[in-house]
Amino acid sequence: MTPLGAKIRELRTKQGVSLKEMAAALSVSSAYLSALEHGKRGKPTWFLVQRIIAYFNVIWDEAEEIQRLAELSDPRITIDTAGMNPKATELANQLALKIGGLSDTSLDGLLHQLRVAAVKDDI
């Protein structure tokens, strides 16, 4: 499941909306919406993200959060480390090999470390 998929499911559950009802309201198939929630589809278009925001009638911070999650929800990413430090290539390859076996606690820790390092390096 992608970050956006988890958020959509959370909002649907809170509002008591079925996948089929939401899909019909957004003019997409329930199969597509299910695949989007489960991370089997790439990130949605900007237009669909806006329709999701409008569907749930969210504003400001929550709308920005949904947009941010959509940007971070491509389940099939490519990391191009050409021309970078060899350690960047090693990191990308190690992550690709091991990410599927990491626990939620380990993933949370790695995400935190990455965010701290990005702030420290001003990126």
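Up top is the structure.
Computed from a predicted model, the values in this text were never measured in an experiment.

Definitions and cut-offs
Residues numbered from 1 in each chain as written. Predicted model: local features only at pLDDT ≥ 70, side-chain atom pairs only at ≥ 80, totals over all residues. Heavy atoms only, no water. Phe/Tyr/Trp six-rings, centres within 6.5 Å; stacked < 30°, edge-to-face > 60°. Core = buried A, V, L, I, M, F, W, Y, C linked by side-chain atoms within 4.5 Å. Buried < 20%, exposed > 50% of the residue type's maximum accessible area, 1.4 Å probe, protein only. Helix = DSSP H or I, 4+ residues; strand = E, 2+ residues; numbered from the N terminus. Contact = heavy atoms within 4.5 Å. Axes fitted to C-alpha atoms, helices over the stretch in contact; angles between N-to-C directions. Left-handed = near helix turned anticlockwise from the far one by under 90°. Nonpolar A, V, L, I, M, F, W, Y, C, P; charged D, E, K, R; others polar.

Draft legend 1. Molecular detail of the packing of aromatic side chains. This structure, assessed with the given rule, holds 1 aromatic pair. Taking the centre distance of 5.1 Å and the plane angle of 80° together, the rings of tyrosine 55 and phenylalanine 56 count as edge-to-face.

Draft legend 2. View of the nonpolar core. With 21 residues, the main nonpolar core has Met22, Val28, Leu48, Ile52 and Ile66 as its most contacted residues. When residues of this core are traced back to their parent elements, those giving at least two are helix H1 (3–15), helix H2 (19–26), helix H3 (30–37), helix H4 (46–56) and helix H5 (60–71). Of the residues forming this core, the biggest block, 5 residues, is contributed by H4. Apart from the residues within four sequence positions on either side, isoleucine 66 is in contact with Leu4, Lys7, Leu11, Val49, Ile53 and Val58.

Draft legend 3. Expanded view of the packing of H4 against H5. With their axes 10 Å apart at the nearest point, H4 and H5 run at an angle of 145° to one another. Where H4 crosses over H5, the two elements pack in a sense that is right-handed. Every residue of H5 that contacts H4 at Trp46, Val49, Gln50 and Ile53 is listed here: Ala63, Ile66, Gln67 and Ala70. Among the residues forming the contact of H4 with H5, the class breakdown is 6 nonpolar, 2 polar and no charged.

Function cannot be inferred from these measures alone, as they are strictly geometric.
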